[in-house]
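# Coordinate analysis (summary)
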Amino acid sequence: MNSLLAHAAPLLLAAEDGGEHAETVLADGGVLASAAWLIPVVPMVMAFLIVFFGKRSPLKGWGMAVGAMGFVALYGTVLFGQALFGDSAVVYQGAVEIGDIGTTTADGHASLLHLEWGWLVDGLSSMMYFVVGVVGLFVFIYAKSYMKGDIRYTWFFASFTLFAGGMLVLVSAPNLIQLIVGWELVGVASYLLIGHYWEDQENSSAAIKAFLVNKVADVGLFIGAIMIGLSVGSFRFSDIMEVVAGGGGTTLATVAFWAGVALFIGAMGKSAQFPLHVWLPDAMAGPTPVSALMHAATMVTAGVFLIGRMFPFYNSPEYAEEMRWIIVIIGSLTLFLPGLIALVQDDIKKVLAYSTVSQLGYMMVAMGAGAYTAGLFHLFTHAFFKALLFLGAGSVIHAVHSNNMSDMGGLRKYMPWTFWTFLIGSASLAGIFPLAGFWSKDEILASLQYAGENYPVEAGGAALANVALVVAIVGAFVTAFYMTRAVSLTFFGSYKGHGEPLESPKMMTVPLVALAVGAVTAGWLNIPGVTSYFTDAVGKVLVPAGDHHAEAINFAIALSASLVGLLAIGLGYLLWYPDKETQQERDTFRIPVLYPLLVNKYYIDDFYMDVIVRPIRGPIARATDWFNGHVIDAVVNGVGFGTKALAKPIYAFDQRGLDGAINASAAGTAGTGTFLRMFQTGKVQQYAVMIFAGTVLLVAGLIIFGT
Amino acid sequence: MIIMQFLILGAALFSLGVYGVLTRRNAVLVLLSVELMLAAVNINFVAFDRFLGDELAGGQVFALFIIAIAAAEVGIGLAIILLIYRNRHDANVDDLDLMKL
């Protein structure tokens, strides 16, 4: 660890927090870094502006959303370019203190936990800014045509911008608290977007499911963050990493294993790791651009990002390295099992969803094997080709008006742009040389092999890594296999749907082409032994990850993975050979035990429903019903009766007392008036009589009483 | 000289005037009756003036003022009555109940 630190590029750290901390400024991060707080703020503000003014703006909010994403994309590109090709490593940390929480650290010293909002500019966050910005921008552009005519068009772009903004808050976080805030913002926005077509019960259920599964996992994140924050005395990543870099024997070291597990549970939820992956395929209920962004750049990458952010913690023998075998096991299960489900799905988006789950398993398994760079590199390339595949699928759905591949077929002739870009994306996902997916997957496999030889924990760890390597290679086979199936059923054979499918408008095909370029070239940033831009860039963090990075191409691994991929494509081609009559028959080919298992998604959903949801929901429903019927209703009824009882005397008093007084005074006035009216006759002589009588009375009075 | 004779004359005249004011229907006669009441008052003033021997002759002066004002009052009163008669061809006070409105 220490030797790695010595080798690391000099850190440039500028702490900008009102002079609270002793500044370890080595160099100024430049105006670009100090103004980077704009990256999360612009989309967040824009999301609310769209809510308030979007409907009245000329482009109904789309222009505002794309403007914000364009800004982020540009800024992210510049920052990431700096990280990739710049000479010096820029690590910038800005923070604005919001408040303190008084607390006592475990060793008895009273201390304050600072709550801060801030921003980090380092290799890792720049990479994420770039991915979220650029992929997001293309998806946003694409969404204009795709969402055209939607009843909640403006609202869609408001929540979509919030979604991206939440992710950027998460990515820019310099402390765990802000990360949680961004984490939850992403969760809320995903809930809104998955349930965009909430008129269908199924879609709103999917949104609730995604939210709840994530919530369950979030408990782990909270517990982990609290454990780490309390034992370090700060939520700042820089402080945590300082403790980690300082070696063992600290308070953090004693809780590291469980804190690591807790954080990983949080990551499992967002990054859809087995067995918490169940929300992700259902999240297909949202509009296709949402799926594209969610599966590529935002949301599902958050878990991998979290592990990457905390990587030194997971990589230090004194800290959470011991729990990494859990990550390897979970990652291996995730990359293999859901990949198989993709083979039996008819919904093209579901195929891609299970493929995403499987690819997230690859990223996690790399993290677990200690290959920080490999995991993030796969995240990076995956963002491009998965966004491309989803947008391609969206283009197809747009033309065919169905999600089912049994309604497609032969679209190669009708939709050439979509076909070719989708093919590139599929080949990249399948790991075909020299596309992006090949390089990143190869790096993961090489890392697993390296871990198998040098796994640092126990003797069992090495065996585990070797098993994971085999699983990952088989997983590569499965990946290529189901993508071949998807391409064959969608674009080859004969068209089985209704009407004449048309190529999508330019607004949709241009982002496809742009992402296809990324899906081809993104991998070239990190060719082992040739280029190492990406490795250098993501290595520019507060405490360098200290992972293993392959120095040269491991030909055995690369060849075997490629052969496996090509074999799968060949086999898939034979199985779903595009002749018109038999294509569909072959797709309905059933393997006795496996097929029901896969179609029912390993019964995991049923398991959750029967074992967890129903037993809890039933008693809770009954208890709340009882409580509602007996306690709340009693209170409400009691209040009702009391009010009614009180109302009676008040009513009586009002009717008789108050009204009586008022009526009496009115009647008195009227009576007086009636009486006096008799004297006002208008007859002059009567008046004169009265005057005369009055005078006589006065005089008589004076005579009698005067004297 | 006994003042009582003059006071009785004044009271009799005043009572005649009051009776006339209250009973006559013709506005002109009502006005005449009012003049009678004023004349009764003048008799009282003059009688008390003589009886008390006021050096400034205030009672007589007051009587002169009353005569002058009565002349003016009758002038206005007759003018009003004349106009009412012209408008309504009637000078009966019973019909003149416009004051009720």
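Just so it is clear, the model here is predicted, and its values are computed rather than measured. (Residues numbered from 1 in each chain as written. Chains lettered and ligands numbered in written order. Predicted model: local features only at pLDDT ≥ 70, side-chain atom pairs only at ≥ 80, totals over all residues.)

On to the overall build of chain A, then. When its secondary structure is counted, chain A shows 28 helices and three strands. Here chain A holds 707 residues, and the buried ones make up 52% of them. Residue pairs in contact within chain A that sit at least 24 positions apart in sequence constitute 80% of those at least 6 positions apart. (Helix = DSSP H or I, 4+ residues; strand = E, 2+ residues; numbered from the N terminus. Buried ≥ 20, exposed ≤ 12 C-beta atoms within 10 Å, placed from the backbone. Contact = placed C-beta atoms within 7 Å.)

On a plain count of helices and strands, chain B comes out with three helices and zero strands. The globule rule puts the C-alpha radius of gyration for 101 residues at 13 Å, and the 17 Å found for chain B is more than 25% above it. Over its C-alpha atoms, taken along the principal directions, chain B stretches across nearly 50 × 25 × 20 Å. In chain B, which comprises 101 residues, the proportion classed as buried is 14%. Taking contacts inside chain B between residues at least 6 apart in sequence as the whole, the part at least 24 apart equals 51%. (Rg over C-alpha atoms; globule rule 2.2 N^0.38 Å.)

Residue and element names in this part refer to chain A. Running from N to C, helix H10 (residues 251-270) and helix H13 (residues 300-309) point in directions that differ by 155°, and their axes come no closer than 6 Å. By the angle between their directions, the pair H10 and H13 is classed as roughly antiparallel. Packed against H10, whose contacting residues are Leu263, Gly266, Ala267, Met268 and Lys270, the element H13 presents Val300, Ala302, Gly303, Leu306 and Ile307 at the interface. Across the contact of H10 with H13, the residue classes break down as seven nonpolar, two polar and one charged. (Axes fitted to C-alpha atoms, helices over the stretch in contact; angles between N-to-C directions. Parallel < 35°, antiparallel > 145°, perpendicular 65-115°, else oblique. Nonpolar A, V, L, I, M, F, W, Y, C, P; charged D, E, K, R; others polar.)

Moving on, we come to the confidence of the model for chain B. When pLDDT is averaged across chain B, the result is 88; 96% of the residues are at 70 or more. This prediction of the complex comes with two scores: 0.72 for pTM and 0.82 for ipTM. (pLDDT = per-residue confidence, 0-100.)

It is worth spelling out the nonpolar core at this point. Core analysis: the biggest nonpolar cluster contains 222 residues, and Val135 and Ala387 of chain A have the highest contact counts within it. Ranked by the residues each element gives to this core, the list is headed by helix H17 (residues 372-400) of chain A, at 19 residues. In this structure, Val18, Val21, Ala27 and Val30 of chain B belong to the second largest nonpolar core, which totals five residues. (Core = buried A, V, L, I, M, F, W, Y, C linked by C-beta atoms within 7 Å.)

Time to look at the interface of chain B and chain A. Chain B puts 10 residues into the contact, and the matching count from chain A is nine residues. Taken together, the residues of the side of chain B that touches chain A sort by class into seven nonpolar, no polar and three charged.

For the rest of this paragraph, the subject is helix H24 (residues 555-575) of chain A. All names here are of chain A. Spanning 21 residues, H24 covers 29 Å between terminal C-alpha atoms, matching the ideal 30 Å at 1.5 Å per step. If you check which residues of H24 are buried, you get Ile557, Ala558, Ala561, Val564, Gly565, Ala568, Ile569 and Gly572. The buried residues of H24 occupy an angular sector of 135° when the element is viewed end-on, so they sit on one face. Those residues of H24 that are exposed and angled more than 90 degrees off the buried face are Phe555, Ala556 and Leu574. (Expected span 1.5 Å × (residues − 1). Arc of directions from axis to C-beta.)

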